[in-house]
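A closer look at the structure
Each chain, written out:
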Amino acid sequence: MKESLLKGVVSMEYQTLETLLKALCEGNDLHICIHDISGILEQPELELPFYYQIHARPFCDVAKETRLGLELCLRCKERANQKAVRTGEYFDGRCAYGLYELVYPVKIDGNIKCIIYIGYIEKNYRETEESMMKTARFTGTDAGRLRSCLAQAQKYVSREHYLSLARLTEERIRMLYQSAELRGGGNRHWVVKKICRDIEMHFSGELSLKREAQLYFLNEKYVGRLFRRETGLTFHEYLNRVRLTHALQQLQKTQKTVLEISLESGFQNVTYFNRIFKETFEMTPIQYRQRKT
């Protein structure tokens, strides 16, 4: 985005945070997403679709397709979140796959409310490709598809340019936050809604209550009690329910083996998958498939 265009964006009025992010990203190949650690995005004017809460560009989608790739990306973001909260300062660098990213914590009333990520940026093609290929070999990710997606990434402009985007986003967050009382989105606690969303998006990966609590900087036992009170299920029970729902769909719609479905649904032990499936549906996966065909 040229400086003149950025000034035009600054002068425009946006009713919601989403409309601002769309304007900043429109016509650019970069991506801006915001990680909420306080429930601030539950305020209607600040509410964002999932696309603007995660790294959601094609390169990132391909990088997270394998189990190791997803685990690496989650771990990388977890470390970045921890550093942002610990220091309270912005920083920049490269992700595990080599793309440049600027991380910018937003502090309001003395507390960090959320963390802005500005990324999907290729700073040096040779260095980025080298990191990408090395990581792809480790995670089993399709290097050819990653390379194709890399061609779509924004070419690096300058740290000052990305800082200006982060500060503009921060200013809008502050204004919208202070313009109205913070309201919860529905009856569920904000962190329960976010954990349910994380499970539904990443059920095939290695999810745990401990990691989710760390992701939102909350006590694990507190989150566990809160989650059970509001969903009626423990974290593990909810996770298994989502995984079993996916397995049911695969049994009905595909000819994949039970082992393949078990692994794709997040169960790394097919014996355990068969047992929990039978306990839940009073039949084995094979029996279920036979009844549905």
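A brief report on the enclosed structure follows.

Counting buried positions along strand β4 (residues 111–122) gives eleven out of twelve residues, so the element sits mostly inside the fold. Of the pairings in the sheet, the one linking strand β3 (residues 100–108) to β4 comprises eight bridges and is antiparallel in character. When the bridges of β4 are listed, isoleucine 108 appears paired with asparagine 111. Turn length for the β3-β4 hairpin, with the two strands adjacent in sequence and antiparallel, is two residues, and the turn residue aspartate 109 shows positive phi of about 55°.

In this section: the packing of aromatic side chains. Aromatic rings considered in pairs are described by the distance between their centres and by the relative angle of their planes. Counted by the stated rule, this structure contains 14 aromatic pairs. When the ring centre of tyrosine 117 is taken as origin, the NZ or CZ atom of lysine 77, which lies over that ring, is 5.4 Å away. Above the ring of phenylalanine 91, the side-chain terminus of lysine 83 is found at 4.4 Å from the ring centroid.

The terminal C-alpha atoms of helix α13 (residues 270–281), which comprises twelve residues, lie 16 Å apart, in line with the 16 Å expected from a rise of 1.5 Å per residue. Looking only at α13, the buried set comprises Phe273, Ile276 and Phe277. In a view along the axis of α13, the buried residues occupy a sector of 105°, so they form one face of it. Turned more than 90 degrees away from the buried face of α13 sit Thr271 and Glu279, all of them exposed. Two to three positions downstream of the cap, the backbone nitrogen of threonine 271 sits 2.9 Å from a side-chain oxygen, assigning the N-cap of α13 to asparagine 269. Positive phi shows up at glutamate 282, right after α13, with a value of about 60°.

What counts and how
- Residues numbered from 1 in each chain as written.
- Predicted model: local features only at pLDDT ≥ 70, side-chain atom pairs only at ≥ 80, totals over all residues.
- Heavy atoms only, no water.
- Buried < 20%, exposed > 50% of the residue type's maximum accessible area, 1.4 Å probe, protein only.
- Helix = DSSP H or I, 4+ residues; strand = E, 2+ residues; numbered from the N terminus.
- Pairing = 2+ DSSP bridges.
- Phe/Tyr/Trp six-rings, centres within 6.5 Å; stacked < 30°, edge-to-face > 60°.
- Lys NZ or Arg CZ within 6 Å of the ring centre and 35° of its normal.
- Expected span 1.5 Å × (residues − 1).
- Arc of directions from axis to C-beta.
- Polar contact = N/O pair within 3.5 Å; in protein donor to acceptor, adjacent residues only side chain to side chain.

Coordinates in, geometry out; function isn't part of it.
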